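Spelled out from the first residue to the last, the chains are:
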Amino acid sequence: MVATGPGVTQVVVGPVHAGIIEPGRFTFSSGGETIAHLDFQMGYSYRRLEQGVEGADPLDLAPRVARVCGACSASRSLAYAMAVESISDTRVSDPVQIARQIIVELERVYNHLFDLAVCSAAAGWGFGQATGLGLKERALRVCHAATGHRMLFDAIVPGGVSNGVLEDREQVQSLVIMLQEAVEQYLGAIFDNSSLLSRWNETGTLTYEAARALAVVGPAHRASGGSLDVRDAAPYGAYRWMPIAVAREEGGDVLARCRVKIAELRGSFGIIKRAFEHLGGSPLDRSPVMPPETGDTVTVVEGPRGAETVALTLRGSVVERLHFISASYRNWPAVAHATMGNIVPDAPLVNKSFNLCYACADR
């Protein structure tokens, strides 16, 4: 779909992009520098995920679920594990719930650091990009120390966590503290950069009314005046007894989305510290899971980009249907909406402020 009229031209970007981002086709209709309409097309990463798991053993499926998307592997693994545990009526111990909380908050940390880095890059601030990516690398090394995998693959499984998760808790805590100190210096540099903040300010605005109408989730929703965070609205796991503070902004622009992620970064460090204090030296024993022959359930968790949903149906003790709804899938229409009315050079900045996945929307 394109806009037409005197002086309106089309600019096509993708599906092959300069750099390493995933394939997607963006068609901008612009009058001069102003974007009148944006049409985007997905499907270039379609992998037949949902059909491919039909008939699988639900316990054997966990590694494939973890690899649906690299950026939200732990969150989706948690949602899937909760679904299997719900159907099988499996109770997971409190220490395991706390360990899972640490894992998913580490995922939020490295994702938000990456988001701030690419928003700096899209605004032309090379130092912010390089520093943010360096901090993300450090966060990934913390993930490796905590779980044995930089992207947290296979750390959360039905019935508990994988063997070796949080073996050296003192080392992980020390690494987290050092990372937090470096992140605070980085955040100070961001707020000292008035030209960066002015570039983010009033760019890519998504109003509360639009966010509500488009059912936007996650930091994008909360940056537009919303308050929904699944960890707070429908607590699960350790969040049931360790509540969070919901980060909110009103502006709905790139600056507001970055501010929400900054607040959540700081919040995640606080949650991780608290979780380690509660965890102590408790063992992380895995609970036996015996999926029944028949059952179905829906689980929702709060990933780095927002609500991640898993719907699971078992028949004959195998998977009849497994359906994913990612936060990226929910939020892509908001990117198109927020981009319109901005200038063409700001389109990458608006896109990066949402920083959505392509592949996990192409299920």
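See the structure printed just above.
The paragraphs below set out a description of the structure included in this document. (Residues numbered from 1 in each chain as written. Predicted model: local features only at pLDDT ≥ 70, side-chain atom pairs only at ≥ 80, totals over all residues. Heavy atoms only, no water.)

So, about helix α11 (residues 254-279). Given a rise of 1.5 Å per residue, 26 residues ought to cover 38 Å, and the 37 Å separating the end C-alpha atoms of α11 matches this to within 8%. Of the residues one or two after α11, G280 is the one with positive phi, at around 55°. (Helix = DSSP H or I, 4+ residues; strand = E, 2+ residues; numbered from the N terminus. Expected span 1.5 Å × (residues − 1).)

Let us now look at the side chain of R231. With respect to the element layout, R231 can be found in helix α10 (residues 230-233). At a separation of 3.0 Å, a polar atom in the side chain of R231 contacts the side chain of E105. With near-sequence residues (within four places) excluded, R231 lies in contact with E105, R108, Y236, Y239, I244, E264, I271 and E302. (Polar contact = N/O pair within 3.5 Å; in protein donor to acceptor, adjacent residues only side chain to side chain. Contact = heavy atoms within 4.5 Å.)

Moving on, we get to the sheet that holds strand β8 (residues 318-325). If you walk across this open sheet you meet the three strands as β6-β7-β8, and the pairing is antiparallel. Sheet topology places β6 (294-303) and β8 at the edges, where each strand pairs with a single neighbour. Taking each pair of neighbouring strands and ignoring which way they run, the sheet shows an average axis angle of 15°. On top of the sheet, helix α12 (residues 327-339) reaches β7 (306-315) and β8; it is set at about 135° to β7, its chief contact. (Pairing = 2+ DSSP bridges. Axes fitted to C-alpha atoms, helices over the stretch in contact; angles between N-to-C directions.)

As a volume, the largest pocket reaches approximately 700 Å³. Together, 29 residues line the largest pocket, and I20, I21, F114, K352 and N355 are the ones closest to its centre. Mapped onto the lining of the largest pocket, the elements with two or more residues apiece are α4 (94-122), α5 (126-147) and α13 (347-354). Examining the composition of the lining of the largest pocket, we find that six residues originate from one element, α4, more than from any other. The residue inventory of the lining of the largest pocket, partitioned by class, reads 18 nonpolar, six polar and five charged. Looking at the second largest pocket, its volume works out to about 280 Å³. Around the second largest pocket sit 15 residues that line it, and V13, H17, I21, P348 and N351 are the ones nearest its centre. Of all elements in the fold, only β2 (25-31), α12 and α13 reach the threshold of two or more residues within the lining of the second largest pocket. In terms of residue count, α13 provides more of the lining of the second largest pocket than any other element does, four residues in total. Along the lines of polarity and charge, the residues of the lining of the second largest pocket split into eleven nonpolar, three polar and one charged. (1 Å grid on protein atoms, 1.4 Å probe; cavity = no way out; pocket = protein on both sides within 12 Å on 5 of 7 lines; lining within 4 Å. Points joined across faces, edges and corners; volume = space filled by probe spheres on them. Nonpolar A, V, L, I, M, F, W, Y, C, P; charged D, E, K, R; others polar.)

Y80, I102, L166, I190, W200, L312 and L322 are the most contacted members of the largest nonpolar core, which totals 90 residues. Residue contributions to this core peak at 13 residues, all from α4. (Core = buried A, V, L, I, M, F, W, Y, C linked by side-chain atoms within 4.5 Å. Buried < 20%, exposed > 50% of the residue type's maximum accessible area, 1.4 Å probe, protein only.)

Here the bond from G14 into P15 is cis, since omega is 10°, no more than 30 degrees from zero. With respect to the helices and strands, the residue P15 is situated in the loop between β1 (8-13) and β2. Positive phi values are uncommon outside glycine, yet R48 reaches one of about 55°. Examined against the element boundaries, R48 turns out to sit in the loop between β3 (34-41) and α1 (49-52). With relative accessibility at 49%, the residue R48 sits in the partly exposed group. Unlike most non-glycine residues, D154 shows phi in positive territory, near 65°. Position of D154 relative to the elements: it lies in the loop between α5 and β4 (156-157).

Inspection of every chain in the model, using the stated rule, returns 18 salt bridges. Here D154 ties to R67 by a salt bridge, and the two come within 2.8 Å at their closest N and O atoms. Linking D154 in the loop between α5 and β4 with R67 in the loop between α2 (62-66) and α3 (73-88), this pair joins segments that are 87 residues apart in sequence. Notably, a salt bridge pairs R222 with D229, separated by 3.7 Å at the nearest N-O pair. Each of the two residues, R222 as well as D229, counts as buried. Each of E105, R108, R222, D229, R231, E264 and E302 takes part in one network of salt bridges that share partners. (Salt bridge = Lys/Arg side-chain N within 4 Å of Asp/Glu carboxyl O.)

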